[in-house]
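# Structural overview for review
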Amino acid sequence: MSYNKERFHKLKQTAYYILFGVWWLVSHLPLWFLHGVASVASVFLFHVIRYRRKVVHDNIKSAFPELSSRERLIIERKFFTHFCDLMMESVKFFSISKSEMRRRMKFKGIELLEESCRNGRSCGVFLGHYGNWEWISSMPLWINSELCTCTQLYHPLENYVTDQLVLYTRKRFGGKNITADKSIKYMVNYMRQGKPILVGFIADQGPSWESIYHWNDFLHHETPWFTGAERIMQKLDMDVYYLDVRRIKRGYYEAEYKRITTEPKKFEQFKLTDIYSEMLEETIKRDPAYWLWSHRRWKRSKEEWLKVTHGGLSLRHK
């Protein structure tokens, strides 16, 4: 049995090295060429494969009922082009230089973060699946590493090869990857050493039934939210920020740190999550095509949740 496990692990490692080599070679192609590939791929995904077309269509229609069918179709089409751009830009991230990365992914509000860190304060940052969230891990290029350590939480992917490739790119510029289940232990260890940390929380995924504690109105829907980010920020008394991302033009992004509070413990339960959801909604409404619409955002209803929580039932099998 152990022999088979060892053999399987070696096969996974071999697959990783092969795909690593392929990605590394492709990543050296110029970005204008990769964007051209993305344009062709988006037409194929949209018209031929029709990849999650219904999910994207239904999400945008219910989020923007005030728009005409034509206006929503334009958002859908732009989303698929951006979605393919993301894939190509993620490949380019494999070998992109520091100077080009700083030119294409710019950050504003750095002085606020540095002020927090000089005051010995760690910072928690709310962000969403908007723009190019993978490139945000280039943040260490913009802040003095002696002031704070940049980290990002992640949930390990089921596919070993993909998981290792993503981890490699996210730490290329000096960021630390920490799994969600070890997050508090890692953060406390750093903070006890008097080392402020900057932690990004992508908090716009849909929680499982047993992880739902809070709902609010978001894009015309009663929406459940992960509240773990808020709990961690309050428990560890971190300065709280929101990262407002803009797509300037193809292959260029700008992200601005907006401070929410330096006293998170003074906020009542779920208030920070509500503020985050409001700010994310503003970002999405400003330019809707660049949010990740291909997931079933509102597959859980509050009515079902109330039946589960008040009826003593379990829907974990769904």
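Higher on the page you've got the structure.
Let us look at the structure shown here. Along each chain, residue indices are assigned from 1 in the same order as the chain's sequence is written. Predicted model: local features are reported for residues with pLDDT of at least 70 only, side-chain atom pairs are reported and counted for 80 or more only, and whole-chain, interface and lining totals are derived from all residues. Side-chain calculation: all heavy atoms of the structure are included, whereas hydrogens and water are not.

Next up on the list: the packing of helix α2 (residues 31-49) against helix α4 (residues 69-92). Helices that pack against each other are described as a pair by the angle of their axes relative to one another and the distance between those axes. Every axis in this analysis is a line fitted to C-alpha atoms, fitted for helices over the stretch in contact. Angles between the N-to-C directions lie between 0 and 180 degrees. Labels follow the DSSP assignment, with helices taken as runs of H or I lasting at least four residues and strands as runs of E lasting at least two, numbered in each case from the N terminus. α4 packs onto α2 with a crossing angle of 135° between their chain directions and a minimal axis gap of 8 Å. Here α2 lies oblique to α4, going by the angle between them. For α2 against α4, the interelement crossing comes out right-handed. Here α2 contributes L31, L34, H35, V37, A38, A41, S42, V43, L45, F46 and H47 to the contact with α4, which in turn contributes L73, E76, R77, F80, T81, F83, C84, D85, M88, E89 and K92. The scheme is simple: roughly parallel for angles under 35 degrees, roughly antiparallel for over 145, roughly perpendicular for 65 to 115, oblique for anything else. Each crossing is labelled by how the near helix is turned from the far one, with a counterclockwise turn of less than a right angle marking it left-handed and a clockwise turn marking it right-handed. By definition in these notes, contact holds between two residues if any of their heavy atoms fall within 4.5 Å.

Within the element layout of this structure, N216 appears in strand β6 (residues 214-218). Filtering out sequence-adjacent residues up to four positions away, N216 remains in contact with H221, E222, T223, W225, D274 and S277. Counted as a polar contact is a pair of N or O atoms within 3.5 Å, where, for protein atoms, one must be capable of donating a hydrogen and the other of accepting one, and residues adjacent in sequence contribute only when both atoms are in side chains. A polar contact is formed between the side chain of N216 and the side chain of S277, at a distance of 2.9 Å.

Working definition of a nonpolar core: buried Ala, Val, Leu, Ile, Met, Phe, Trp, Tyr and Cys residues. They are joined through side-chain atoms within 4.5 Å. Buried, partly exposed and exposed residues are distinguished by accessible area as a fraction of the type maximum, computed with a 1.4 Å probe on protein chains only: under 20%, between the cut-offs, and over 50%, respectively. Among the nonpolar cores identified, the biggest contains 77 residues, and F107, F126, M139, Y257 and W293 are the most heavily contacted of them. No other element matches α4, which puts seven residues into this core. The contact partners of F126, leaving out residues within four places of it in the chain, are F201, A203, A229, E230, M233, V240, Y241, Y242, L243, I260, L272 and Y276.

Nonpolar side chains (Val, Leu, Ile, Met, Phe, Trp, Tyr) are joined into patches within 5 Å and like charges within 9 Å, using only residues with over 30% relative accessible area and no salt bridge. Calculation of accessible area relied on Shrake-Rupley with a 1.4 Å probe; when residues are assessed, cover is drawn exclusively from the protein chains displayed. The term salt bridge refers to a side-chain nitrogen of Lys or Arg lying within 4 Å of a carboxyl oxygen of Asp or Glu. Nonpolar side chains collect at one region of the surface, where I18, L19, V22, V26, L29, W32, F33 and V37 lie side by side and expose about 700 Å² of accessible area between them. The set of elements that each furnish at least two residues to the nonpolar patch consists of α1 (2-27) and α2. In terms of residue count, the dominant contributor to the nonpolar patch is α1 (four residues). Here L29 lies in the loop between α1 and α2. We classify L29 as partly exposed; its relative accessible area is 32%.

A few words now on the sheet that holds strand β5 (residues 197-202). Pairing between strands is defined by DSSP: at least two bridges between them are needed. Taken together, the seven strands give an open sheet; going across it, the order is β1-β9-β8-β2-β5-β3-β4, and neighbouring strands pair in mixed fashion. Since the sheet does not close on itself, it has two edges, and those belong to β1 (105-108) and β4 (176-179), each with one partner. Strand-to-strand twist across the sheet, computed as the mean angle between neighbouring axes with direction ignored, equals 30°. As judged from the nine bridges shared by strand β8 (residues 239-249) and strand β9 (residues 252-261), these two strands associate in the antiparallel manner. Within β9, the residue paired with Y241 across the bridge is R259.

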